[in-house]
Amino acid sequence: MQREIQWFMRPYLIDFLIEAHAAFALLPETLFLTVNLLDRYCSRRVVYKQHYQLVGCAALLIAAKYGDKKDRVPQIHELNNMCCGLYDAGMFTQMEMHVLNTLEWTIGHPTVDFFTQLMVAEEQDDKEVEHMAAYLCEIALYHRDFVSTKPSMMARSSLALARAILGRPEINDGDWDHTENLTLLTLSQHLNQPSPTLARKYSSSSLSKASQKLADFMAEQAAMARRQANPPSPPAETPSRHADIYSTPQKGHGAATGFDGYLTPPITPDNAYGNAAKESYHQLPPRCPVTPTPQSHPAAYPQHVQQYTAFVNQHGIHQQ
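In what follows, the accompanying structure is described. All figures in this text were calculated on a predicted structure; none of them were measured in a lab.

**A closer look at the overall build of the chain**
Here's step 1: Summing up its helical and strand segments, the chain has 13 helices and 0 strands in all.
Here's step 2: Along the chain, helices (α) and strands (β) appear in the sequence α-α-α-α-α-α-α-α-α-α-α-α-α when read from the amino end.
Here's step 3: Taking all 320 residues of the chain together, the buried fraction comes to 49%.
Here's step 4: Here the analysis covers contacts within the chain between residues at least 6 apart in sequence; of these, 80% occur between residues at least 24 apart.
Here's step 5: Carbon and sulfur atoms make up 53% of the accessible area of the chain, which amounts to about 15,900 Å² in all.

This is the structure in structure tokens:
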């Protein structure tokens, strides 16, 4: 029902929220609750393009007040500075109340971080797996495909994929239904071009350098795909598919090294309609990270299914 905001604008706002969340050192669950409040509000109210960032700030304020430490809750003037002074203090307060009234003050939500912590404790995963799963869950925030995915399902899928990426043994945690299998497959197809803003966040040692490990893994998978696509002549014995754990990427991987971004991304671009807007979105300089929504390729779907089947068979994930 939205007349102005479109899905390709979402990465701009998510980048802004991730950097604001990091700047105030808020808890992980605050970020996921913020995006949940944002999506629930946008599913009930028409949002003007110039107010999209304001709604995100209001959601961050509400989420921080709801469950974070009081001394870390952002002040309105701090958020306004991050928005380059586009709004006045009264607008933040009005939008905050409007979001709360629209959602009928139903704020609490079982975030994906909550379920991840439960599963990590139960399966005794190490910190490296936990950080990689968190990185994958935040990558999912950028994409329309996962807006309505249950947090428990996202947590389970991200942990399974994190273990596979890091070479950990798969956990036998019961059967996987079709929706869970589809979530895992779809998530694996969104790992080629994570946002540079997010990759920079997860490049630190405190988060196990998860972004670099994912980039290395994707490069290895791409090299493997090239070797399989161009066998030596005369043809050698077909290589084992042991390491081909899921859909093998053909594109570049990860964020560009040496990216020097800015703390505050610009507000949603003005040219919001048509192909021209999407083209300009892809041509912006590095200060505005690009996370385009991948286009579907129906012709390649059988190949994805075949590769994914090899993955689930190898790692003991049961399909129904």
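**Focus on the pattern of salt bridges**
Here's step 1: Scanning all chains against the criterion turns up 11 salt bridges.
Here's step 2: For Glu128, the salt bridge identified is with Arg168, shortest N-O distance 2.6 Å. Here the residue Glu128 occupies a position in helix H7 (residues 127-140), and Arg168 occupies one in the loop between helix H8 (151-165) and helix H9 (178-188), the gap between them amounting to 40 residues.
Here's step 3: Residue classification places Glu128 among the partly exposed residues on the basis of a relative accessible area of 22%.
Here's step 4: On the basis of relative accessible area, Arg168 is assigned to the partly exposed category, the value being 23%.
Here's step 5: The partner of Arg163 in a salt bridge is Glu170, and the shortest N-O contact between them spans 3.6 Å.
Here's step 6: Classification of Arg163 by relative accessible area gives buried; the value is 3%.

**Thoughts on the nonpolar core**
Here's step 1: Met132, Tyr135, Leu136, Ile165, Leu191 and Leu214 are the most contacted members of the largest nonpolar core, which totals 39 residues.
Here's step 2: Of all the secondary-structure elements, those providing two or more residues to this core are helix H1 (10-23), helix H2 (28-42), helix H6 (112-123), H7, H8, H9, helix H10 (196-201) and helix H11 (210-229).
Here's step 3: Of all the elements, H7 adds the most residues to this core, at 8 residues.
Here's step 4: Counting contributing residues per domain, this core is built from domain 1 (7-103) and domain 2 (112-228), each supplying no fewer than three.
Here's step 5: One finds Met9, Leu17, Tyr52 and Tyr87 within the second-largest nonpolar core, a separate group that totals 37 residues.

**Observations regarding the environment of Asp39**
Here's step 1: Considering the arrangement of structural elements, one finds Asp39 in helix H2.
Here's step 2: Residue Asp39 is classed as buried on the basis of its relative accessible area of 18%.
Here's step 3: Taking the C-alpha atoms as reference points, Asp39 and Ala59, separated by 20 residues in sequence, lie 9.6 Å from one another.
Here's step 4: Beyond its immediate chain neighbours, meaning those up to four positions away, Asp39 contacts Arg10 and Val147.

About the thresholds
Residues numbered from 1 in each chain as written. Predicted model: local features only at pLDDT ≥ 70, side-chain atom pairs only at ≥ 80, totals over all residues. Heavy atoms only, no water. Helix = DSSP H or I, 4+ residues; strand = E, 2+ residues; numbered from the N terminus. Buried < 20%, exposed > 50% of the residue type's maximum accessible area, 1.4 Å probe, protein only. Contact = heavy atoms within 4.5 Å. Areas by Shrake-Rupley, 256 points an atom, 1.4 Å probe, with all protein chains shown as cover. Salt bridge = Lys/Arg side-chain N within 4 Å of Asp/Glu carboxyl O. Core = buried A, V, L, I, M, F, W, Y, C linked by side-chain atoms within 4.5 Å. Domains from an automatic or database assignment.

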